[in-house]
Amino acid sequence: MPFTRYAEVGRIVLVNYGPESGKIATIVDIVDQNKCLIDGPESGVARQVIPFSRIALTDLTVKIQRNARAKTLKAAWAEAETTTKWEATSWAKKLSMKKKRATLTDFDRFKVMVAKKQKSAIIAKKMEELSA
Amino acid sequence: MVAASGTSGKSPRYYPAEDVKAPKPSYKVKQNAAKVRKSITPGTVLILLAGRFRGSRVVCLKPLESGLLLVSGPYKINGVPIRRVSQAYVIATSTKVDVKGVDVSKFNDDYFSRANDPVKAEGEDEFFTGDAPKAAIVSDERKADQKAVDASLLKAVAAVPMMEGYLAAKFSLSENDRPHKMLF
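Computed from a prediction, not measured in an experiment: that's the story for all the values here.

Colleague: Teacher, can you tell me more about the overall build of chain A here?
Modeller: If you tally the helices and strands in chain A, you get 4 helices and 5 strands. Reading the helices (α) and strands (β) of chain A from amino to carboxyl end gives β-β-β-β-β-α-α-α-α. In terms of its C-alpha atoms, chain A occupies a principal-axis envelope of roughly 65 × 35 × 30 Å. Relative to its 132 residues, chain A shows a buried fraction of 29%. Put simply, 47% of the contacts in chain A that link residues at least 6 apart link residues at least 24 apart. When the accessible surface of chain A is totalled, it reaches about 9,100 Å², and 57% of it is carbon and sulfur.

Structure representation (structure tokens):
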């Protein structure tokens, strides 16, 4: 089982900590063993040096050269359709689900509870049919 | 001290023969209008946190002068009658019901005063033996008022989908709930 997610130029990363946490960016250059330079013109992440402990590598990459300008980076993102690809991953979907759940009001939580009950009632009925 | 008439600094030209006492400042406590939380308006759904109906979700009808809130279940939905409730023991949700059509002008703090309750004569025997809870005597006036208010309130509640079931359900916290992070 070799490594496949390398911290390389062009790797899409998710920022985990700091004011821009929750956004994705690209590794544009590696500074040293602990830090890299990231940039995310499409996602609103400023070009900055960030330690690896604050980011998480994803499976996605874009084809750029080391130290690419923001303009080139933006074009590369658009070509690779990075934003749509990212939002289609279950990782991104789970993050957005968590965000949505945090904004639910008491009434919304009641509606969710009723919907869950209805769903399990349908499933239970089907299971009974199948097991009969 | 007599207020100096004329230019200050010089002794006044005229002052009364006897000293006139200036009125002392009144230390009576001034009552301001009761402050109601911004999140509580007529029609807000409230969660009662204490008292007989704790856990019930209830519709706020109006704030009273004493600072308490006038509230109704509606009675048909969750058994909470027209009642006063303290703001401190209530969670105000962001859910609202349109109660513009409900007439609550006749309700104020005097309506709920104990002096109005029908007197229950308690004989000596009862004092020593009877401790079983007696059924509460609800006056006919209260029942009629409840019906009148709920008639229009139920219509407002029916206008919002799933609101009836929501008001009938009780609120409780389960293991993974973090109330300081929940939005109400």
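The structure having been displayed, the exposition proceeds.
Colleague: Looking at this model, I keep getting lost on the packing of aromatic side chains. Mind explaining?
Modeller: By convention here, two paired aromatic rings are described through the distance between centres and the angle between planes. Enumeration over the complete set of coordinates arrives at 6 aromatic pairs over all chains. Measuring from centroid to centroid gives 5.5 Å for Trp86(A) and Trp91(A), while their planes differ by 65 degrees, and the two rings are edge-to-face. Given the relative accessible area of 8%, Trp86(A) is considered buried. A residue is classified by how much of its surface remains accessible, and Trp91(A), at 28% relative accessible area, is partly exposed. The aromatic ring of Phe184(B) is capped on one face by Arg109(A), whose charged end is 5.4 Å from the ring centroid. For the cation-ring pair, Lys111(A) lies above Phe107(A), with the distance from its terminal atom to the ring centre recorded as 4.4 Å.

Conventions and cut-offs
Per chain, the residues get numbers from 1 upward, laid out in the order the sequence is written. Think of it this way: whatever chain is written first is A, whatever ligand is written first is 1, and the rest follow in order. For this predicted model, a pLDDT threshold of at least 70 governs which residues receive local features, and a threshold of 80 or more governs which side-chain atom pairs are given and counted, while totals over whole chains, interfaces and linings are taken from all residues. Hydrogens and water are ignored here; the side-chain numbers use all heavy atoms of the structure. Secondary structure elements are taken from DSSP: a helix is a run of H or I of four residues or more, a strand is a run of E of two residues or more, and numbering for both begins at the N terminus. Residue burial is assigned from relative accessible area. The probe radius is 1.4 Å, only protein chains are included, and a residue is buried under 20% of its type maximum, exposed over 50%, and partly exposed in between. For this analysis, residues touch if any pair of their heavy atoms sits within 4.5 Å. Residue-level accessible areas treat just the shown protein chains as cover; the underlying method is Shrake-Rupley with a 1.4 Å probe. Two rings from Phe, Tyr or Trp (for Trp, the six-membered ring) form a pair when their centres sit within 6.5 Å of each other. Planes less than 30 degrees apart are called stacked, planes more than 60 degrees apart edge-to-face, and all others tilted. The criterion for a charge sitting over a ring is simple: Lys NZ or Arg CZ within 6 Å of the ring centre, and within 35 degrees of the ring normal.

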